[in-house]
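Given next are the chains, with one letter for each unit.
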Amino acid sequence: MNEKIRICINDVNRSFTVGEDEGYVLPSETLLQTLRNRLGLTGTKQGCDQGACGNCTVIMDGNAIASCMVLTADCDDRSVTTIEGLEDPVTGELNPLQKAFVDNSAFQCGFCTPGIIMSAKALLDNNPCPTDDEVMESLSGNYCRCISHYQVVEAIHAVIEKGGVNYAGLSIHWQACKPR
Ligand code: FES
Ligand code: FES
């Protein structure tokens, strides 16, 4: 039997029908496949497709998750943010976290970067003043074959010191952060 589901993706409500008919979301379709193949949100990368590399990380209801390990059919009423959802929807300006990655050269090929940024965003949203250990732990599921890890940590600390990851400034956060 066909089932209607609704997922809020990057602040846009999307409706899907789960079923076997042509054009429907198969019960076996992953969220990663839906994002990339149906919605054209190809900023979320497919690496291992087995939950091991973190390339496909998105934020679901505030938590970083591997979208290759989640079935779209199980995402009814969920809220999902992808890398495309971080830029300012009006001006197109990059999120401060994205800018910090550019400013700190925190990538080389860039394939892992969307996943790493989403993991970092989820961390800072939940814990605005993380320790180095907490930063490292939050990124432990994200592999970078170009070994950009040191610059990634520097980029994240640059954001923390500047005041957070949202455009509203969030000065309350950095004022509470202790210097490293
Ligand atoms: S592609 Fe999902 S964890 Fe590797
Ligand atoms: S920058 Fe190339 S895999 Fe991370």
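Check the entry above for the structure.
Residues numbered from 1 in each chain as written. Chains lettered and ligands numbered in written order. Predicted model: local features only at pLDDT ≥ 70, side-chain atom pairs only at ≥ 80, totals over all residues. Heavy atoms only, no water.

Participant: Talk me through the pairing of strand E3 (residues 57-60); I want residue IDs and the actual numbers.
Facilitator: Walk down a regular strand and you will see the side chains alternate between the two sheet faces. Of the two faces of E3, the one carrying Thr57 and Ile59 and the one carrying Val58 and Met60 are both buried. Both E3 and strand E4 (residues 63-66) contribute to a ladder of four bridges, which runs antiparallel. Considered in E4, the bridge of Val58 is made with Ile65. Between E3 and E4, which pair antiparallel in sequence order, lie two residues; one of them, Asp61, sits at a positive phi of approximately 45°. With two bridges joining them, E3 and strand E5 (residues 79-81) adopt antiparallel strand pairing. Across the sheet, Ile59 pairs through a bridge with Thr81, a residue of E5. (Buried < 20%, exposed > 50% of the residue type's maximum accessible area, 1.4 Å probe, protein only. Helix = DSSP H or I, 4+ residues; strand = E, 2+ residues; numbered from the N terminus. Pairing = 2+ DSSP bridges.)

Participant: How would you summarise a nonpolar patch on the surface if you had to cite specific residues and measurements?
Facilitator: On the surface, Leu94, Val102 and Phe107 cluster together into a nonpolar patch covering about 230 Å² of accessible area. Residue placement: Leu94 occurs in the loop between E5 and helix H2 (96-103). Given a relative accessible area of 34%, Leu94 falls into the partly exposed group. (Patch = residues over 30% accessible without salt bridge, like charges linked within 9 Å, V, L, I, M, F, W, Y side chains within 5 Å. Areas by Shrake-Rupley, 256 points an atom, 1.4 Å probe, with all protein chains shown as cover. Salt bridge = Lys/Arg side-chain N within 4 Å of Asp/Glu carboxyl O.)

Participant: Quick one: what's the story with helix H1 (residues 31-38), residue by residue and with numbers?
Facilitator: Considered for burial, the residues of H1 that qualify are Leu31, Leu32, Thr34 and Leu35. Summarising the contacts, the buried residues of H1 are in contact with strand E1 (3-9), strand E2 (12-18), E3, E4 and E5. Positive phi appears at Gly40, one or two residues downstream of H1, with a value of about 70°. (Contact = heavy atoms within 4.5 Å.)

Participant: Please provide a residue-by-residue account of the packing of helix H3 (residues 113-126) against helix H5 (residues 149-162), values included.
Facilitator: Following both chains from N to C, one finds H3 and H5 inclined at 35°, their axes separated by 12 Å at the closest point. Pair H3 / H5 crosses with right-handed handedness. Counted together, Ile116, Ala120 and Leu124 of H3 and Val152, Ile156, Val159 and Ile160 of H5 form the full contact between these two elements. Its residues placed into classes, the contact of H3 with H5 shows seven nonpolar, no polar and no charged. (Axes fitted to C-alpha atoms, helices over the stretch in contact; angles between N-to-C directions. Left-handed = near helix turned anticlockwise from the far one by under 90°. Nonpolar A, V, L, I, M, F, W, Y, C, P; charged D, E, K, R; others polar.)

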